[in-house]
Amino acid sequence: MVRLEYIKKEYEKTRQMPGKWYLTSCRYKFNITRFQPFLSALKEKRLIGLKCRSCNTVSFPPKLVCGKCLTRPDQWVSLRETGIVATFTANYMKDETTGEANAFPVIAVRQDGADTTYLTQLNPKVKFEDVYVGMPVKIKWKDNTEGNLNDIDYYDCIDDPTQKMDSLTK
Ligand SMILES: [Zn+2]
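Residues numbered from 1 in each chain as written. Predicted model: local features only at pLDDT ≥ 70, side-chain atom pairs only at ≥ 80, totals over all residues. Heavy atoms only, no water.

### With respect to the coordination of the zinc ion
Now for step 1: At 2.2 to 2.3 Å from the zinc ion lie its protein donor atoms, namely C52 (SG), C55 (SG), C66 (SG) and C69 (SG).
Now for step 2: Its four donor atoms give the zinc ion angles of 99 to 116° at the centre, a pattern that matches the tetrahedral case.
Now for step 3: Spacing between the donor residues of the zinc ion along their common chain follows C-x2-C-x10-C-x2-C. With a gap of 17 residues between them, C52 in the loop between strand 1 (47-51) and strand 2 (58-59) and C69 in the loop between strand 2 and strand 3 (75-79) connect regions that are remote in the sequence.
Now for step 4: For C52, a relative accessible area of 1% translates into the label buried.
Now for step 5: According to the relative accessible area criterion, C69 is partly exposed, its value standing at 27%. (Donors = N, O, S within 2.8 Å, 3.2 Å for Na, K, Ca; no water. Tetrahedral: all angles 85-135°; square planar, octahedral: opposite > 155°, others 65-115°. Helix = DSSP H or I, 4+ residues; strand = E, 2+ residues; numbered from the N terminus. Buried < 20%, exposed > 50% of the residue type's maximum accessible area, 1.4 Å probe, protein only.)

See the structure below:
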(Lines give C-alpha, C1' and ligand atoms only; values in the text may rest on other atoms or scores of the structure.)
Protein backbone atom coordinates (compact mmCIF):
# COMPACT_ATOMS: atom_id res chain seq x y z
CA MET A 1 0.00 0.00 0.00
CA VAL A 2 1.18 3.49 -0.83
CA ARG A 3 0.26 6.53 1.19
CA LEU A 4 0.05 9.68 -0.85
CA GLU A 5 -0.66 13.16 0.34
CA TYR A 6 -0.97 14.78 -3.04
CA ILE A 7 -4.22 13.22 -4.16
CA LYS A 8 -5.80 16.60 -4.74
CA LYS A 9 -3.64 19.61 -5.22
CA GLU A 10 -4.71 23.12 -6.02
CA TYR A 11 -2.62 24.66 -8.75
CA GLU A 12 -2.08 28.39 -8.80
CA LYS A 13 -3.37 30.04 -11.93
CA THR A 14 -0.42 31.78 -13.56
CA ARG A 15 -1.70 33.31 -16.79
CA GLN A 16 -4.47 33.15 -19.31
CA MET A 17 -4.32 33.00 -23.06
CA PRO A 18 -7.49 34.42 -24.58
CA GLY A 19 -8.36 33.23 -28.04
CA LYS A 20 -10.99 31.83 -30.33
CA TRP A 21 -11.14 28.29 -31.52
CA TYR A 22 -12.73 27.44 -34.82
CA LEU A 23 -13.95 23.91 -34.67
CA THR A 24 -15.60 22.15 -37.53
CA SER A 25 -18.06 19.34 -37.16
CA CYS A 26 -16.70 15.90 -37.95
CA ARG A 27 -18.43 12.71 -38.86
CA TYR A 28 -16.87 9.34 -38.38
CA LYS A 29 -17.80 6.54 -40.63
CA PHE A 30 -16.64 3.33 -39.04
CA ASN A 31 -17.14 0.21 -41.06
CA ILE A 32 -17.53 -2.52 -38.49
CA THR A 33 -17.95 -5.22 -41.13
CA ARG A 34 -14.20 -5.10 -41.83
CA PHE A 35 -13.62 -6.20 -38.25
CA GLN A 36 -16.21 -8.94 -38.28
CA PRO A 37 -13.64 -11.79 -38.49
CA PHE A 38 -11.86 -10.33 -35.45
CA LEU A 39 -15.08 -10.07 -33.43
CA SER A 40 -16.24 -13.55 -34.46
CA ALA A 41 -12.87 -14.97 -33.41
CA LEU A 42 -13.17 -13.32 -29.98
CA LYS A 43 -16.56 -14.94 -29.52
CA GLU A 44 -14.86 -18.29 -30.13
CA LYS A 45 -12.05 -17.32 -27.73
CA ARG A 46 -9.53 -17.06 -30.55
CA LEU A 47 -7.23 -14.16 -31.34
CA ILE A 48 -6.43 -12.83 -34.78
CA GLY A 49 -4.48 -9.76 -35.78
CA LEU A 50 -4.27 -7.85 -39.03
CA LYS A 51 -1.04 -8.09 -40.95
CA CYS A 52 0.16 -5.37 -43.28
CA ARG A 53 1.53 -6.89 -46.50
CA SER A 54 3.63 -3.84 -47.13
CA CYS A 55 5.70 -3.74 -43.91
CA ASN A 56 4.67 -6.99 -42.14
CA THR A 57 3.42 -5.14 -39.05
CA VAL A 58 0.78 -7.14 -37.22
CA SER A 59 -1.71 -5.07 -35.29
CA PHE A 60 -3.73 -6.31 -32.36
CA PRO A 61 -6.39 -5.10 -31.91
CA PRO A 62 -6.59 -4.72 -35.69
CA LYS A 63 -6.25 -1.29 -37.26
CA LEU A 64 -7.95 -0.11 -40.41
CA VAL A 65 -4.78 1.63 -41.53
CA CYS A 66 -1.23 0.49 -40.80
CA GLY A 67 0.33 2.95 -38.35
CA LYS A 68 3.75 2.40 -39.86
CA CYS A 69 3.28 2.73 -43.60
CA LEU A 70 -0.32 3.99 -43.87
CA THR A 71 -1.54 1.23 -46.16
CA ARG A 72 -4.57 -0.95 -45.54
CA PRO A 73 -3.70 -4.23 -43.87
CA ASP A 74 -5.87 -7.10 -45.11
CA GLN A 75 -4.32 -10.36 -43.99
CA TRP A 76 -5.68 -12.03 -40.84
CA VAL A 77 -3.13 -13.97 -38.79
CA SER A 78 -3.64 -16.17 -35.74
CA LEU A 79 -2.13 -15.02 -32.47
CA ARG A 80 -1.38 -16.85 -29.25
CA GLU A 81 -3.16 -16.10 -25.98
CA THR A 82 0.09 -15.04 -24.39
CA GLY A 83 1.90 -11.74 -24.47
CA ILE A 84 4.14 -9.47 -22.45
CA VAL A 85 3.66 -6.29 -20.48
CA ALA A 86 5.17 -3.65 -22.77
CA THR A 87 4.67 -0.87 -20.25
CA PHE A 88 2.46 -0.11 -17.30
CA THR A 89 1.27 2.62 -15.01
CA ALA A 90 -0.71 2.96 -11.82
CA ASN A 91 -4.24 4.08 -11.20
CA TYR A 92 -4.50 5.42 -7.68
CA MET A 93 -7.75 4.82 -5.88
CA LYS A 94 -8.23 6.49 -2.54
CA ASP A 95 -9.77 4.41 0.19
CA GLU A 96 -12.34 6.80 1.66
CA THR A 97 -12.25 5.23 5.12
CA THR A 98 -8.50 4.95 5.67
CA GLY A 99 -7.35 7.76 3.36
CA GLU A 100 -4.81 5.42 1.84
CA ALA A 101 -4.12 5.49 -1.86
CA ASN A 102 -3.95 2.06 -3.39
CA ALA A 103 -2.14 1.57 -6.66
CA PHE A 104 -3.83 -0.57 -9.30
CA PRO A 105 -1.78 -1.51 -12.33
CA VAL A 106 -2.94 -0.62 -15.83
CA ILE A 107 -0.92 -2.46 -18.43
CA ALA A 108 -0.14 -2.17 -22.12
CA VAL A 109 0.14 -5.67 -23.53
CA ARG A 110 1.91 -6.77 -26.67
CA GLN A 111 0.31 -10.00 -27.77
CA ASP A 112 2.75 -12.67 -28.91
CA GLY A 113 2.87 -12.49 -32.69
CA ALA A 114 1.75 -8.86 -32.79
CA ASP A 115 3.76 -5.65 -33.05
CA THR A 116 1.33 -3.22 -31.45
CA THR A 117 0.23 -2.78 -27.85
CA TYR A 118 -3.03 -1.89 -26.19
CA LEU A 119 -4.17 -0.82 -22.75
CA THR A 120 -5.90 -3.47 -20.73
CA GLN A 121 -6.43 -4.81 -17.23
CA LEU A 122 -4.29 -7.14 -15.21
CA ASN A 123 -5.63 -9.68 -12.74
CA PRO A 124 -6.82 -7.43 -9.87
CA LYS A 125 -5.10 -9.72 -7.37
CA VAL A 126 -1.67 -8.83 -8.72
CA LYS A 127 -0.04 -6.00 -6.81
CA PHE A 128 1.36 -2.99 -8.62
CA GLU A 129 4.76 -3.60 -7.00
CA ASP A 130 4.97 -7.00 -8.67
CA VAL A 131 4.42 -5.76 -12.23
CA TYR A 132 7.42 -5.30 -14.51
CA VAL A 133 8.13 -4.59 -18.17
CA GLY A 134 8.50 -7.87 -20.00
CA MET A 135 6.25 -9.74 -17.57
CA PRO A 136 4.66 -12.71 -19.38
CA VAL A 137 0.86 -12.64 -19.30
CA LYS A 138 -1.98 -14.75 -20.61
CA ILE A 139 -5.59 -13.98 -21.43
CA LYS A 140 -8.32 -14.86 -18.96
CA TRP A 141 -11.51 -15.13 -20.99
CA LYS A 142 -14.95 -14.39 -19.68
CA ASP A 143 -17.16 -17.44 -19.40
CA ASN A 144 -19.78 -16.06 -21.77
CA THR A 145 -18.23 -14.34 -24.75
CA GLU A 146 -20.15 -11.86 -26.88
CA GLY A 147 -17.74 -11.07 -29.69
CA ASN A 148 -15.99 -7.93 -28.49
CA LEU A 149 -12.79 -6.96 -26.66
CA ASN A 150 -14.60 -7.17 -23.31
CA ASP A 151 -14.56 -10.94 -23.81
CA ILE A 152 -11.04 -10.68 -22.44
CA ASP A 153 -11.78 -10.43 -18.72
CA TYR A 154 -8.20 -9.55 -17.85
CA TYR A 155 -4.63 -10.72 -18.30
CA ASP A 156 -3.19 -13.14 -15.81
CA CYS A 157 0.48 -13.56 -14.92
CA ILE A 158 2.00 -16.73 -16.30
CA ASP A 159 4.73 -16.45 -13.73
CA ASP A 160 2.30 -15.66 -10.92
CA PRO A 161 4.03 -13.65 -8.17
CA THR A 162 1.19 -14.29 -5.68
CA GLN A 163 1.62 -18.06 -6.18
CA LYS A 164 5.34 -17.73 -5.53
CA MET A 165 4.66 -15.90 -2.28
CA ASP A 166 2.24 -18.63 -1.24
CA SER A 167 4.71 -21.42 -1.89
CA LEU A 168 7.41 -19.61 0.08
CA THR A 169 5.24 -19.22 3.16
CA LYS A 170 4.05 -22.85 3.13
ZN1 LIG B 1 2.48 -1.34 -42.89
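There's plenty left to go through after this.
### Points about the sheet that holds strand 1
Now for step 1: Strand order in the open sheet formed by three strands is 2-1-3, and the pairing between neighbours is antiparallel. Edge strands, defined here as strands with exactly one partner in the open sheet, are strand 2 and strand 3.
Now for step 2: Pairing geometry for strand 1 and strand 3, over five bridges, is antiparallel. In the sheet register, K51 faces strand 3, and the bridge partner there is Q75.
Now for step 3: Running at roughly 160° to strand 1, helix 1 (residues 36-43) makes contact with strand 1 and strand 3 of the sheet. (Pairing = 2+ DSSP bridges. Contact = heavy atoms within 4.5 Å. Axes fitted to C-alpha atoms, helices over the stretch in contact; angles between N-to-C directions.)

### Looking at the confidence of the model for the protein chain
Now for step 1: Within the protein chain, residue pLDDT values average 86, and 86% of them lie at 70 or more.
Now for step 2: Mean pLDDT values for the elements of the protein chain range from 51 in helix 2 (residues 161-169) up to 97 in strand 3. (pLDDT = per-residue confidence, 0-100.)

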